[in-house]
Amino acid sequence: MKKRFFALTMTTVTAVSLLAGCGGKAPAGDSAQSGTESASDSGELYVYNWGEYIDEDVITQFEDETGIKVIYDLFETNEEMYPVIEAGAVNYDVVCPSDYMIQKMRENDMLAEINFDNVPNISQIDPKYMEMSKAFDPDNQYSVPYCWGTVGILYNTKRLEELGVDAPTSWEDLWDERLSGEILMQDSVRDAFMVALKKDGYSMNTANETELAQAKQDLIDQKPLVQAYVVDQVRDKMIGGEAAVGVIYSGEMLYIQEEVQNLGLDYNLEYVLPKEGTNLWVDSWVIPKNAKNKENAEKWIDFMCRPEIAKANFEYITYPTPNKGAFDLLDADMQGNKSVFPDDADLAGSEVFTYLGDDVDSIYNNLWKEVKSN
Amino acid sequence: MSKKMLSGPYLLWMIGFIIIPLALIVYYGLTDKNNVFTLANVLSIATAEHSKALWLSLGLSFASTLICLVLAYPLAMILRNRQMGQGSFIVFIFILPMWMNFLLRTLAWQTLLEKSGVINGILTALHLPTQSLINTPGAIVLGMVYNFLPFMVLPIYNTLCKIDDNTINAARDLGANFTQTLLWVWFPLSVPGVISGITMVFVPALTTFVISNLLGGSKILLIGNVIEQEFTKGSNWHLGSGLSLVLMVFILLSMALIAKYDKNGEGSAF
């Protein structure tokens, strides 16, 4: 789900996708063509994925094994990916959006049903995640989970001690006035509102205007305490000791734990899942309706579900894998890492984002703008 | 005929990369999701959040432009009065950082200004009070001034270089002191450069969203951020285009300003 590249490439990618979205012929994103021309007799496969969201050796391995030439493009946000697929300027064969966006694409009839006869490795995916996927793909017809994770609070043990604040256990703790200037919040609408809505005990998929108004007011009240709204920088800022607490995606934890050790820092960074529940997210492979190489796309998905491949990707991306086969291949230490693979009990009260429709989306966007401009 | 053929590629370039994109922005800006004509996107600049963002952008870019001018004018004068080689060497040094991507340089400022950043590290080592500029409007102005200062220095330097030494000497001969020469000779003759510099700083400062994101911690919403978010996160290209049209008014205004004061293109930077 999350994007390590951050806003740096935003300008270029936006510019290019603008062209592409408006019926231009330019391919969107940075086309990283690999493979050889001679392989083209087995056909091609246009893959559209998040930046830094695959172990690139895996692509080469797929090409060598199948002879299919992979054209691999990157996107930065779900919202940026959507118009590119919708306009069909490039016919991508397999895409990896997040939960709510898959629902939006499904509802707008943009997805093709996957023929699971061609994806035998689907058996490797833990049924738990197929169940989780039903939030956005009720019959498990359109999507195959690739990565999943949670959102939680990362805290600096030493800094909290200095401030005399106990370790956070709930979202409520992010409104503690003693943490003024020490909080890093996520800079995206739904994530920010999720924090406020969950704190108030509401669903993070609410469309109820009173609940949303209350969440907005909460976020405005919280703003003076917030040091910055950031996306991927939470990780580096927390490692650098910039802030005491930060809202972060669980997938960053492995890197953080490693870095804290490597740098020999005199503080610890701990991850906690707030007791009110949190955002459970899933990024899954889907096949757009206008795909030209559907069978190749299914081969790709099947390949991605292969335990060794899923393990290689997990080790590169460090976001939790829904692949049971891959999980079994990990060493016991990793399997027991609760920051990455939390117990089911800790996920009580958590939800998966659903698509709320364009009208509700724009209500969220407007409320977020009010928070930001306050 | 053959001369006309030569202009062909440029014409294609302009149509493909200027006219068509602009037309698309106008089209998107004046239609709604169902492609029906509407002025709502443009008029939405009047909503509390948007107008607040616009005023804040105007304020911050005005401040940065003013600071740039105050810093750049004396510098340009000093450079002009250097001997030829020396002056252009300093100008070269000045342009050198521009060879590096401005995003990287802005990111570097983030590292410098952070609470546990380089500057505070030095201040702490010297037992001086630390600064807390990061994530404030002040940091954004600093970023704007840092990034856009060369765009102010160069046009002013260029126009000052074109002023004949004899004009200055004549003023001195006729008994004008330094202040009088500055006010009545130097400045009026350099107006084209000043106007050009002002536009070249003001317009990018007004439309920036990266500087405010990186140095403002996304806590400060400028009009550039609003537009960027409508495109990348809000999926509302119509609103984003409508607001871009509003911003274009300011850009057209400054182009008119240049046309009025810099008829001969004297103030062009390069």
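Note that this is a predicted model, so its numbers are computed, not measured. All chains use their own residue numbering, which begins from 1 and follows the written sequence. Chains and ligands are labelled sequentially in the order written, the chains with letters from A and the ligands with numbers from 1. For a predicted model such as this one, the threshold for reporting local features is a pLDDT of at least 70, and the threshold for listing and counting side-chain atom pairs is 80 or more; totals across whole chains, interfaces and linings nevertheless cover every residue. The side-chain numbers reported here are obtained from all heavy atoms of the structure, hydrogens and water having been left aside.

(A) Structural context of the domain arrangement of chain B. All names here are of chain B. For chain B, the assigned domains read domain 1 (1-30) and domain 2 (42-261). Relative to domain 2, the C-alpha centre of domain 1 lies at a distance of 29 Å. Whether two residues are in contact is decided by their heavy atoms, any of which lying within 4.5 Å being enough. Contacts between the two partners involve six residues from domain 1 and, on the opposite side, eight residues from domain 2. Buried area, as used here, totals the accessible surface that two parts lose on assembly, with accessibility defined by a 1.4 Å probe and the loss added over both. Between domain 1 and domain 2, the buried area comes to about 580 Å², and carbon and sulfur atoms account for 79% of it. For the domain 1 face of the interface with domain 2, the top three residues by lost area are I25, Y28 and G29, together amounting to 74%. Here, a salt bridge means any Lys or Arg side-chain nitrogen found within 4 Å of an Asp or Glu carboxyl oxygen. Where domain 1 touches domain 2, the interface holds zero salt bridges. Polar contact criterion, stated in full: a pair of N or O atoms within 3.5 Å, where within protein one must be able to donate a hydrogen and the other to accept it, and residues adjacent in sequence count only if both atoms are side-chain atoms. The tally of links between domain 1 and domain 2 comes to one residue pair in polar contact (both at pLDDT 80 or more). Each residue belonging to the side of domain 1 that touches domain 2 can be placed in one class, and the counts come to five nonpolar, one polar and no charged. Boundary definitions for the domains trace back to an automatic or database domain assignment. Residues are grouped as follows: nonpolar covers Ala, Val, Leu, Ile, Met, Phe, Trp, Tyr, Cys and Pro; charged covers Asp, Glu, Lys and Arg; every other residue, Gly included, is treated as polar.

(B) Focus on the environment of Y155 of chain A. Note on conventions: DSSP H or I runs of at least 4 residues are helices, E runs of at least 2 residues are strands, and numbering of each starts at the N terminus. For Y155 of chain A, the position within the fold is in strand β6 (residues 143-156). Leaving out residues up to four positions away in the same chain, Y155 of chain A has contacts with L160, A167, P168, M238, A244, V245, N268, L269, E270 and V272 of chain A.

(C) Structural detail: the side chain of E63 of chain A. All names here are of chain A. As for its position among the elements, E63 is in helix α2 (residues 56-66). Only protein chains enter the area calculation, which uses a 1.4 Å probe; residues under 20% of their type maximum are buried, those over 50% are exposed, and those in between are partly exposed. Positive charges come from Lys and Arg alone, negative charges from Asp and Glu alone, with His and the N- and C-terminal ends not counted. In this structure E63 is buried but unpaired, with K69 as the nearest side chain of opposite charge at 7.6 Å. At a separation of 2.8 Å, a polar atom in the side chain of E63 contacts the main-chain amide nitrogen of V70.

(D) Seen up close, helix α10 (residues 178-207) of chain B. Residues and elements named next belong to chain B. The end-to-end C-alpha separation of α10 is 38 Å, well short of the 44 Å expected for 30 residues at 1.5 Å each. Bend is computed residue by residue as the angle between axes fitted to the seven residues ending at the residue and the seven residues starting at it. Where α10 bends most, the angle comes to about 55°, and this point is V191, followed within four residues by the proline P192. The residue sitting at the N-terminus of α10 and contributing the capping side-chain oxygen is N177; that oxygen lies 3.2 Å from the backbone nitrogen of T179. To estimate the expected span of a helix, subtract one from its residue number and multiply by 1.5 Å.

(E) Just the packing of aromatic side chains, in detail. Residue and element names in this part refer to chain A. Two rings belonging to Phe, Tyr or Trp (six-membered ring only in the last case) form a pair when the distance between their centres is within 6.5 Å. Interplanar angles under 30 degrees mark stacking, angles over 60 mark edge-to-face geometry, and anything in between is tilted. All chains considered together, the criterion is met by 29 aromatic pairs over all chains. Here Y229 and W368 contribute two aromatic rings whose centre-to-centre distance is 5.5 Å and whose plane-to-plane angle is 90°, an arrangement assigned as edge-to-face. Residue Y229 is located in strand β8 (residues 226-230), and its partner W368 is located in helix α15 (residues 358-373); the two are separated by 139 residues in the primary sequence. Geometry around Y82 places K104 over its ring, the cationic atom sitting 4.3 Å from the centre. Positioned above the aromatic ring of Y255, the side-chain terminus of R235 is 4.2 Å from the ring centre. Either the NZ atom of lysine or the CZ atom of arginine qualifies as a charge over a ring when it sits within 6 Å of the ring centre and within 35 degrees of the ring normal.

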